Every structure is written in structure tokens, then in C-alpha cells.
Amino acid sequence: KITAEKKCLFSRCSLHEREKLKKLLLQRIKKNCRRTDLGDCWEWQGARNSAGYGNIPIKNGRYLTHRLSAYLFLDFDIHSPLHVCHTCDNPPCCNPKHLWIGTNDDNIRDCIVKGRNQRGEDHPWSKFSAKLILSIRKKFQEGTPQYVLMQEFDMNRGTIWAIVRRKIWKHI
């Protein structure tokens, strides 16, 4: 656990404290990153969250390692609401050459352009199949009332309504 003797974290630290913390962070990243064959990624070998991003405990919180790398090498404000995105699409990567700063919209656009957005039954939380959705829409178009569809498919009215009105599963 990194605990530089300091009264604050990052931006509120004195210059001396900030440089001391940067040195500790740099040592920790170098020690816990392994270079891979994936275009020279610096892959974090320490603790990771459920999405695969590396994290380090600092003071009273945990900080994502790719954000810390951006702080160290790209002069990124660690408290910024901006995203630190990966060109390599490898969550544990800390290589600053693979990182870029963007808004949430930039990150979503990048995800869509690269085909990483999971929709429909490709999404891990999906409860329905495309075949089921098409069946519901077909029966509704043929005149089956929503309350009958609710009972037949064991869904609530809001879900049936959203499916037949294409508010959800718009892609099929």
C-alpha cells in the first residue's frame, strides 16, 4: 500500500510531497507491470477490478492504474471526470503510449467504432434471444394484446411495451 507521508492526495500536496508520491507510484507501476506481445502493453499484474482494470490502494481509496499512468506520464488530473481510454483495448495496460484522454461520449464512440459494444443476446446480462423478440413483435402485429403477451412470455407490461415499440432491442 502506497502511503507517502503527506497531508493530502495529489493536487493538494506540496510540490515535494507530490514528487515523492509520483516517485513511489512510478516504482510501483514499473514493479507490477509486465510487457506483453500485444503491441508492447504494460500489463498490470497486481489487483484488478471486475472489469480487469488494475488498481492500487492509496490512502483511503483505490485508484485505477491506467489513470495513475496518465497522471504520471500525460499530466492528467487524477480527479478529472474525463476518461483515460486505451488504444490497445487491454484494460490492465498502463503503457502511456496506449492511453488517450477523452469524454464519456468519446469513449462510447470508440467502443462502437471498434465493435466492442455488446447488444442483444451478445450482452452477458441478456435475458432474451433475438428469436424471442421477433416472436413477440410478430404476435403483437397479428393483434395479440399486450396482457396476453405478458402472460405467455412471463414479462411485465413495460418490457412488452418497450419490445413492441422498439425502445429496446432496436437493432433487430
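Structure's up top.
Residues numbered from 1 in each chain as written. Predicted model: local features only at pLDDT ≥ 70, side-chain atom pairs only at ≥ 80, totals over all residues. Heavy atoms only, no water.

> What is the right way to look at the packing of aromatic side chains in this model?
Two measures describe an aromatic ring pair: the distance that separates the ring centres and the angle between the ring planes. Applying the stated criterion across every chain yields a total of 1 aromatic pair. Plain terms: the ring middles of W42 and F73 are 5.9 Å apart, the flat faces sit at 80° to each other, and that makes the pair edge-to-face. Of the two residues, W42 is situated in strand β2 (residues 42-44) and F73 in helix α2 (residues 65-74); the sequence distance between them amounts to 31 residues. Note on W42: relative accessible area 18%, which makes it buried. Taking the relative accessible area as the measure of exposure, F73 reaches 37% and is therefore partly exposed. Directly above the aromatic system of Y71 lies the positively charged group of K22, at a separation of 5.3 Å from the ring centroid. (Phe/Tyr/Trp six-rings, centres within 6.5 Å; stacked < 30°, edge-to-face > 60°. Helix = DSSP H or I, 4+ residues; strand = E, 2+ residues; numbered from the N terminus. Buried < 20%, exposed > 50% of the residue type's maximum accessible area, 1.4 Å probe, protein only. Lys NZ or Arg CZ within 6 Å of the ring centre and 35° of its normal.)

> Teacher, can you tell me more about the pattern of salt bridges here?
Where charged atoms of side chains with opposite charge meet at close range, the side chains can pair. Within the structure shown, the criterion is met by 6 salt bridges. The closest approach of N and O atoms between R34 and E43, which form a salt bridge, is 3.4 Å. Note that K114 and D110 form a salt bridge whose closest N and O atoms lie 3.3 Å from each other. Taking relative accessible area as the criterion, K114 reaches 32% and is therefore assigned partly exposed. Residue classification places D110 among the buried positions, given a relative accessible area of 13%. (Salt bridge = Lys/Arg side-chain N within 4 Å of Asp/Glu carboxyl O.)

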